[in-house]
Amino acid sequence: AQSVAQPEDQVNVAEGNPLTVKCTYSVSGNPYLFWYVQYPNRGLQFLLKYITGDNLVKGSYGFEAEFNKSQTSFHLKKPSALVSDSALYFCAVRDRAGGGNKLTFGTGTQLKVEL
Amino acid sequence: DVKVTQSSRYLVKRTGEKVFLECVQDMDHENMFWYRQDPGLGLRLIYFSYDVKMKEKGDIPEGYSVSREKKERFSLILESASTNQTSMYLCASSSTGVNTEAFFGQGTRLTVV
């Protein structure tokens, strides 16, 4: 079975500082990994994905994520946070070996960027 | 842009009512999904469909059914609504292929009283 863990319910960071939102995963084979963002009372918006190749993936709005196979992690990062980045962030995984379409999400991390 | 449209943003229904949540996508995607979102639990998959008239149970299918008569439309049905089905419901679609991202609708906040 595939699963995702987001160990932090909330992350607080000052505007201009770097931010990291953590994600670890568990799959039987190799993973496809995704990050989504949700603003209040809205659906989820796709940010970026890791499929294969370069371990550092760049996405929308200046976000990037680093895939680490040995640590089974896919942490979301941004060099300089903005107040407008404040939102709920979800990590998700699909198992390549499973071959199915099921996308499993973590419980979400609330990011709060303060002035 | 891909558009996934859910028929209602907010719904209030009574216990025991039959409830229909509708979702339409305009990108000719093969796959469609229904999730529910609850605080602290993230998104949990209720059902998904990979083709017209095809469906598979997700992690929490109890109390729900689905219908996919046309490729662009995927309906979630609560046969007899209960208060523990009060939640945010999110529809999503994606093309075939495990490396493709899913696109989400704006969500329907359902309250069962």
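Residues numbered from 1 in each chain as written. Chains lettered and ligands numbered in written order. Predicted model: local features only at pLDDT ≥ 70, side-chain atom pairs only at ≥ 80, totals over all residues. Heavy atoms only, no water.

A.B. asks: Could you clarify how one ought to interpret the sheet that holds strand 3 (residues 19–25) of chain B in this entry?
C.D. replies: Across a sheet, paired strands are connected by hydrogen bonds in the backbone, their directions being either parallel or antiparallel. Residue and element names in this part refer to chain B. In space, the 4 strands of this open sheet follow the order 1-3-8-7, with antiparallel pairing throughout. Two strands lie at the open edges of the sheet, namely strand 1 (4–6) and strand 7 (64–70), each paired on one side alone. Averaged over all adjacent pairs, the angle separating strand axes in this sheet is 20 degrees, with direction ignored. With 3 bridges joining them, strand 1 and strand 3 adopt antiparallel strand pairing. Residue Thr-5 lies in a different strand from strand 3, and its bridge partner there is Val-24. (Pairing = 2+ DSSP bridges. Helix = DSSP H or I, 4+ residues; strand = E, 2+ residues; numbered from the N terminus. Axes fitted to C-alpha atoms, helices over the stretch in contact; angles between N-to-C directions.)

A.B. asks: Just to check I follow, could you spell out the interface of chain A and chain B for this structure?
C.D. replies: It is common to give the size of an interface as the accessible area that goes away when the parts come together. In this assembly, 22 residues from chain A lie in contact with 26 residues from chain B. Between chain A and chain B the total buried area reaches about 1,900 Å² when both faces are included, carbon and sulfur atoms providing 53% of it. Among the residues of chain A in contact with chain B, Asn-41, Asn-101 and Lys-102 of chain A are the three that bury the most area, contributing 28% of the side total. There are 1 salt bridge connecting chain A and chain B. For the salt bridge of Lys-49 of chain A with Glu-101 of chain B, the shortest nitrogen-to-oxygen distance reads 2.8 Å. For the interface between chain A and chain B, the tally reads 6 residue pairs in polar contact (both at pLDDT 80 or more). Residue assignment for the side of chain A that touches chain B shows that the elements contributing at least two residues are strand 5 (31–38), strand 6 (44–50) and strand 10 (87–95) of chain A. Examining the composition of the side of chain A that touches chain B, we find that 4 residues originate from one element, strand 5 of chain A, more than from any other. Its residues placed into classes, the side of chain A that touches chain B shows 10 nonpolar, 8 polar and 4 charged. (Contact = heavy atoms within 4.5 Å. Buried area = accessible area lost by both parts, 1.4 Å probe. Salt bridge = Lys/Arg side-chain N within 4 Å of Asp/Glu carboxyl O. Polar contact = N/O pair within 3.5 Å; in protein donor to acceptor, adjacent residues only side chain to side chain. Nonpolar A, V, L, I, M, F, W, Y, C, P; charged D, E, K, R; others polar.)

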